[in-house]
Amino acid sequence: MAMDAEEMEMLKEAMDSMRLENAKLNRALQSSEDRVSTLQKQLAGRMMTDRNAIQQASGLAQIAAGRQEKLRVVLWVSNRVNQEAAYSQARLCLWAWGRHALLQRHLEAAKPKKEAATPAASPTAPTGLKEVAAPS
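Residues numbered from 1 in each chain as written. Predicted model: local features only at pLDDT ≥ 70, side-chain atom pairs only at ≥ 80, totals over all residues. Heavy atoms only, no water.

(A) Main features of the overall build of the chain. Secondary structure assignment for the chain yields one helix and zero strands. Taking all 136 residues of the chain together, the buried fraction comes to 0%. Within the structure as shown, the chain displays about 13100 Å² of accessible surface, and the carbon and sulfur contribution to it stands at 62%. (Helix = DSSP H or I, 4+ residues; strand = E, 2+ residues; numbered from the N terminus. Buried < 20%, exposed > 50% of the residue type's maximum accessible area, 1.4 Å probe, protein only. Areas by Shrake-Rupley, 256 points an atom, 1.4 Å probe, with all protein chains shown as cover.)

(B) Expanded view of a nonpolar patch on the surface. Taken together, the side chains of V73, W76, V77 and V81 make up a nonpolar region of the molecular surface, amounting to roughly 380 Å² of accessible area. Along the polypeptide, W76 turns up in helix 1 (residues 5-110). (Patch = residues over 30% accessible without salt bridge, like charges linked within 9 Å, V, L, I, M, F, W, Y side chains within 5 Å. Salt bridge = Lys/Arg side-chain N within 4 Å of Asp/Glu carboxyl O.)

(C) Here's a closer look at the pattern of salt bridges. Applying the stated criterion across every chain, the model contains two salt bridges. Among the ionic pairs, D16 bridges to R19, the shortest N-O distance being 3.3 Å. With D16 and R19 both in helix 1 and three residues apart, the pair spans about one turn of that helix. A relative accessible area of 43% places D16 in the partly exposed class. The exposure class assigned to R19 is exposed, which follows from its relative accessible area of 53%. Across the pair E69 and R72 runs a salt bridge, and its minimum N-O distance is 2.8 Å. One end of the pair is E69 and the other is R72, both in helix 1 and three residues apart, which spans about a single turn. Since its relative accessible area comes to 42%, E69 is described here as partly exposed.

Next comes the structure, spelled out in structure tokens:
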């Protein structure tokens, strides 16, 4: 079972060929691993960017919800203030009308009465009313 020199030479050439092929495959494998590593880094960066964007959007949504709630409260308070102002204005107008009526009554009562005055000649007589003649 001795190998002759020719067989040994063929085995050496086959081994050298296999070593060269193995080196090529190792370089291709290393290149692929480098590309995978680069893609993983890019993906991690994008995921981090997406996560940051999601966190920012979530934060902005929370801020918007808080502002919307505050706006609801402000609108409710504003509505109540407007209602109170309208009620106060109505009370003030009613009070002023009543005061004016009482003042008119007081002025009418303070005027000297003329016995011979007719309602048409009286400047303070209400219009549209007929004077009832006193029974004799």
